[in-house]
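Coordinates in review
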Amino acid sequence: MVKIADDQRVGRYGRFGGQYVPETLMTALIELEKAYEEAIADQTFVDEVNYYLKDYVGRETPLYFAERLTRELGGAQIYLKREDLNHTGAHKINNTIGQALLAKRMGKKKIVAETGAGQHGVATATVCALFDLECVVFMGKEDVRRQELNVFRMELLGAQVVSVDKGSGTLKDAVNEALRYWVSNVEDTHYILGSALGPHPFPRIVRDFQRVIGVETKRQIVEKVGKLPDAVVACVGGGSNAIGMFHPFVDDQVVALYGVEAGGSGISTGLHAAAVTGGKEGVLHGSYMYILQDDNGFIQEAHSISAGLDYPGVGPEHSYLHDIGRVQYTSVTDAEALEGLQLLSKKEGIIPALESAHAIHFATELAKEMSPEEILVICLSGRGDKDVQTVRDALGVNNNG
Amino acid sequence: MAKTKLLNAIQSVNTQGDKAFVAYIMAGDGGLETLKSKIYFLQQAGVTAIELGIPFSDPVADGPTIQKAGERALANGATLRSILQELETFYEEVRVPLVLMTYYNPLLSYGLDQFAQQCEKLGIAGLIVPDVPMEETIELHGVLENTDIALVPLVSLTSPPERLRKIAVSGEGFIYAVTVNGITGIRDGFSDQLEQHFTSLSEQSAIPVLAGFGISTPEQVKSMGTLADGVIVGSAIVEAFHQNDLDHITALVQASKAKVFN
């Protein structure tokens, strides 16, 4: 097993993690941890989660052999874990289904959530509609502008979307506001955090609900090729799809794990969202982890073409897996991600989300270095429909520039 | 080392029959050059201690008024480093205890050891870190161990009795009791559970219990003063300085004096 608790405090991954939150939230976190432990020990709860994952979300998702892409690159055999085929189009709903059922079990009637691009917001609004929970989603003013359609989607689903104009008006500010809202409404409200971030027990809860990705992948690949993959690649913003994919493989040392961060305009430009590759240790949103910060300890804005990776931190378990060298973290720029997106679209007829396109670009480079007997799995965390406007604008600029 | 500076200041005020009055200001709001005159004004007005807010990029425990003050301070270029440098120019003349209120990441970035040493040198009496609950204080207690800097804990209405007891027992300086659920700011009503909450806290705590968050009028200072050993007033003072309404600050401080309670 992975040695989780070098530090004896709760919710630690080596020296990372913890619970750096106002005292007002501590009781809610302790209550949440207890409720979660009870829930996952209760077969009825587990069955209920699995029922919705199957009949509502559409799991299990396929593990697809990308034959044309494999042939094109002439290296490792490439398999895609199709999280883009989930209801709402990304892996985010694996977590929101689980947390919404947990909230119901805890007797909470209201849900608060943050969202960047709107994918987690839509996945949260969706389950709130499904389970009749009141839903408030905080979204940065800048993101509200960039993702108008997702705002409308959430509203169609019955959620209230609150635009946040504080700070930089992006995801980190939306998290700040969601936390403030939760502090003030903690008695009847559950906070559905969207990534493997935040104070304990959130990183663990989100990872556990996302583990289904890796668990299925492991079973599917063994069924298909009779062995474990040689490499697994996933994109990392906060890190929820990656931790869900990696975790079941962490003890299998033969499987190389790669986390791909958003390199934005390039690490050296300072305009990126690569907290492991280009950040420093510190505390943000309740957790000790790698974050983007200046010399005064102020949090810096992240920069990425992909709104889902546009966050100035990476979850505590990733920070730990980096430190012990179990996962290799690297970064891919906006321009490279756009190449990855186009390549997969043209070779496989799958338009990936810009987030996943980061993983695809790195994986295609990696595959070329591997032999045709080797197996490479990419976590295709979401579909790209939401990004076509951004991609069109970006390619237009590139073509003219 | 016993943490006595802050504790003694509050207890001596209480001994005279007054309630302690801790005034919060955001360092750098209005420019760092105004820090000295604000501290002197509050000292003159009769406050027991001054809580000095350090601006931060992501202040999750602050309400709108203090967030805005923080943004103004950041826009003026205030940082933990520049604030400590400014304090160095006049700390020897300050008579009331200073308590720094800062989020954790700027401290980690500054270096906890260096921070503790610099604060000890400047005679800082206390430290409040709103995003470090009891569970995460090991490092801070470690660096403050041989100083006279009290690590002031916050307690909340949502904290269950057993947790309140633990915090009350291990607290230093005073107990900062959050009187409304939520973030700092100006609120209309106080919760009904308040009286019971304070009675229970006072029984368990060997150090004074001060009420904070949401106290903005002299009447509220007075009514909270009947429940606790004193009050912390933040948003109302920040706003009064911003509007240059110094009379309001004087009135707030006066409401904590013994004559009000007789």
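Since we're looking at a predicted model, the values are computed, not measured. (Residues numbered from 1 in each chain as written. Chains lettered and ligands numbered in written order. Predicted model: local features only at pLDDT ≥ 70, side-chain atom pairs only at ≥ 80, totals over all residues. Heavy atoms only, no water.)

1. Quick notes on the overall build of chain B
The criterion, for reference: Secondary structure is summarised from DSSP: a helix means a run of H or I of at least four residues, a strand means a run of E of at least two, and numbering begins at the N terminus for each. Each residue's exposure class comes from its accessible area (1.4 Å probe, protein chains only) as a fraction of the maximum for that residue type: buried when under 20%, exposed when over 50%, partly exposed otherwise. Contact criterion: two residues are considered in contact whenever any of their non-hydrogen atoms come within 4.5 Å of each other. Shrake-Rupley sampling with a 1.4 Å probe provides the accessible areas, and residues are treated as covered by the protein chains on show and by no other component. Asp and Glu are treated as the negative residues and Lys and Arg as the positive ones, with His and the ends of the chain left uncounted. Here the site of a charge means NZ on Lys, CZ on Arg, CG on Asp, or CD on Glu.
A count of helices and strands for chain B gives 13 helices and nine strands. Dimensions of chain B, computed from C-alpha atoms along their principal axes, come out at roughly 40 × 40 × 30 Å. A buried classification covers 62% of the 262 residues belonging to chain B. By sequence separation, contacts in chain B at least 24 residues apart represent 75% of the contacts at least 6 residues apart. When the accessible surface of chain B is summed, it comes to about 9700 Å², and 50% of that surface belongs to carbon and sulfur atoms. Separation of charge centres in chain B, based on 17 positive and 30 negative side chains, amounts to 3 Å.

2. Brief notes about the sheet that holds strand E10 (residues 256-264) of chain A
Residues and elements named next belong to chain A. We apply this condition: Here, any two strands with at least 2 DSSP bridges between them count as paired. Only C-alpha atoms enter the line fits that serve as axes; for helices the fit covers just the stretch in contact. Angles between N-to-C directions range over 0 to 180 degrees.
If you walk across this open sheet you meet the six strands as E3-E4-E15-E9-E10-E14, and the pairing is mixed. With one partner strand each, in any of the chains shown, strand E3 (63-65) and strand E14 (327-333) form the two edges of the open sheet. Across the sheet, the mean angle from the axis of one strand to that of its neighbour is 30°, orientation sign disregarded. Sheet topology places strand E4 (residues 77-82) next to strand E15 (residues 375-380); six bridges connect them, and they run parallel. Its bridge partner being in E15, lysine 81 is matched across the sheet by cysteine 379. In the packing of helix H10 (residues 212-225) onto the sheet, the strands contacted are E3, E4 and E15, and the crossing angle to E4 comes to about 140°. Lying over the sheet, helix H14 (residues 334-348) contacts E3, E4, E10, E14 and E15, oriented at roughly 90° with respect to E14.

3. Comments concerning the UniProt feature "domain: Tryptophan synthase beta chain-like PALP" (unreviewed entry) in chain A
Threshold: UniProt positions are given in the numbering used here, feature names are shortened, and annotations may be inferred rather than shown by experiment.
This chain's UniProt record puts "domain: Tryptophan synthase beta chain-like PALP" (unreviewed entry) on residues 58-381 of chain A. Secondary structure within residues 58-381 of chain A divides into 42% helix and 22% strand; the distance between the first and last C-alpha atoms comes to 15 Å.

4. Examining the nonpolar core
For clarity, the threshold we go by: By nonpolar core is meant a set of buried Ala, Val, Leu, Ile, Met, Phe, Trp, Tyr and Cys residues that side-chain atoms within 4.5 Å join together.
Core analysis: the biggest nonpolar cluster contains 126 residues, and Phe21, Leu87 and Leu127 of chain B have the highest contact counts within it. Among the elements that make up this core, the one with the highest residue count is strand E1 (residues 20-26) of chain B (seven residues). Here leucine 127 of chain B is in contact with Val99, Leu100, Thr102, Leu107, Phe115, Leu140, Leu144, Ile149, Ala150, Leu151 and Val152 of chain B, once residues within four sequence places are set aside. Ala100, Val137, Met154 and Ala174 of chain A belong to the second-largest nonpolar core, a separate cluster that totals 66 residues.

5. Observations concerning the UniProt feature "active site" (unreviewed entry) in chain B
All names here are of chain B. UniProt tags Glu51 and Asp62 as "active site" (unreviewed entry). With respect to the helices and strands, glutamate 51 occurs in strand E2 (residues 49-53). What glutamate 51 contacts, discounting residues up to four positions off in sequence, is Val22, Ala23, Tyr24, Ile25, Val99, Met101, Ile128, Tyr176 and Ile232. Locating aspartate 62 in the fold gives a position in the loop between E2 and helix H3 (64-75).

6. A closer look at the UniProt feature "modified residue: N6-(pyridoxal phosphate)lysine" (unreviewed entry) in chain A
All names here are of chain A. Mapped onto the present numbering, the UniProt feature "modified residue: N6-(pyridoxal phosphate)lysine" (unreviewed entry) falls on Lys92. Within the secondary structure layout, lysine 92 lies in helix H4 (residues 92-105). By relative accessible area, lysine 92 is classed as buried at 17%. With sequence-adjacent residues up to four places away left out, lysine 92 is seen in contact with Gln119, His120, Ala123, Gly194, Ser195, Gln210 and Ser240.

7. With respect to the packing of aromatic side chains
Residue and element names in this part refer to chain B. The criterion, for reference: Put simply, two rings from Phe, Tyr or Trp (the six-membered ring, in Trp's case) pair if the centres are within 6.5 Å, and we call them stacked under 30 degrees between planes, edge-to-face over 60, tilted for the rest.
Inspection of every chain in the model, using the stated rule, returns 18 aromatic pairs over all chains. Ring plane angle 25° and centroid distance 5.4 Å describe the contact between phenylalanine 56 and tyrosine 103, whose orientation is recorded as stacked. Taken as a pair, phenylalanine 56 in the loop between E2 and H3 and tyrosine 103 in the loop between strand E3 (98-101) and helix H5 (104-110) lie far apart in primary sequence, 47 residues in all. Like tyrosine 103, phenylalanine 56 is buried. Considering the side-chain rings of tyrosine 110 and phenylalanine 115, the 6.2 Å spacing of their centres and the 85° angle between planes classify their relative orientation as edge-to-face. With relative accessibility at 2%, the residue phenylalanine 115 sits in the buried group.

8. Brief notes about the sheet that holds strand E9 (residues 230-233) of chain B
All names here are of chain B. The strand order E5-E4-E3-E2-E1-E9-E8-E7-E6 describes an open sheet built from nine strands, whose pairing is parallel. With partners counted over all chains shown, the strands left at the sheet margins are strand E5 (150-151) and strand E6 (154-155), one partner each. Looking at chain direction, E3 and strand E4 (residues 126-128) are connected through three bridges and run parallel. Bridge pairing links methionine 101 to isoleucine 128 in E4.

9. Details of the domain arrangement of chain A
Residues and elements named next belong to chain A. Applied cut-off: Each domain's extent is set by a domain assignment, obtained either automatically or from a database. Computed with a 1.4 Å rolling probe, the buried area is the accessible surface lost when two parts are put together, summed over both parts. Whenever Lys or Arg places a side-chain nitrogen within 4 Å of a carboxyl oxygen from Asp or Glu, that contact is recorded as a salt bridge. In protein, a polar contact means a hydrogen-donor-capable atom and an acceptor-capable atom, both N or O and within 3.5 Å, with residues adjacent in sequence counting only if both atoms are side-chain atoms; elsewhere, any N or O pair within 3.5 Å suffices. Following the grouping adopted for this structure description, the nonpolar residues are Ala, Val, Leu, Ile, Met, Phe, Trp, Tyr, Cys and Pro, the charged ones are Asp, Glu, Lys and Arg, and the polar ones are all others, Gly among them.
Along its sequence, chain A is organised into domain 1 (21-54 + 92-202) and domain 2 (59-89 + 210-395). Placing the centre of domain 1 and that of domain 2 at their C-alpha centroids yields a distance of 23 Å. At the junction of the two partners, domain 1 supplies 26 residues and domain 2 supplies 28 residues. Taken together, the two surfaces of domain 1 and domain 2 that pack against each other cover about 2200 Å², and 59% of this comes from carbon and sulfur. When residues of domain 1 are sorted by the area they lose upon contact with domain 2, Asn94, Lys172 and Leu197 head the list and together hold 25% of the total. Linking domain 1 with domain 2 are one salt bridge, by the criterion used here. Close ionic contact of aspartate 310 with arginine 146 constitutes a salt bridge, the shortest N to O distance being 4.0 Å. Applying the counting criterion to the domain 1 and domain 2 interface returns eight residue pairs in polar contact (both at pLDDT 80 or more). For the side of domain 1 that touches domain 2, the secondary structure elements donating two or more residues are helix H2 (43-57), H4, helix H5 (119-131) and helix H8 (171-184). The residue makeup of the side of domain 1 that touches domain 2, split by class, is twelve nonpolar, ten polar and four charged.

10. A look at the environment of arginine 72 of chain B
Residue and element names in this part refer to chain B. Examined against the element boundaries, arginine 72 turns out to sit in helix H3. Spatially, the C-alpha atoms of arginine 72 and aspartate 29 are 5.6 Å apart, while their sequence positions differ by 43 residues. Look past the residues within four positions of arginine 72 in its chain and what remains in contact with it is Asp29, Val238 and His242.

11. Re the side chain of aspartate 84 of chain A
Residue and element names in this part refer to chain A. Here aspartate 84 lies in the loop between E4 and H4. Classification of aspartate 84 as buried rests on a relative accessible area of 5%. In terms of polar contacts, aspartate 84 uses its side chain to reach the side chain of arginine 82, at 2.9 Å. Beyond its immediate stretch of four places on either side in the chain, aspartate 84 contacts Gly89, Ile350, Leu380, Ser381, Gly382 and Arg383.

12. Some thoughts on the interface of chain B and chain A
Chain B puts 38 residues into the contact, and the matching count from chain A is 36 residues. Interface of chain B and chain A: buried area, both sides summed, is about 2900 Å²; carbon and sulfur atoms make up 51% of it. With its nearest N and O atoms 3.0 Å apart, the salt bridge here joins aspartate 58 of chain B to lysine 172 of chain A. Inspection of the chain B/chain A interface yields 18 residue pairs in polar contact (both at pLDDT 80 or more).

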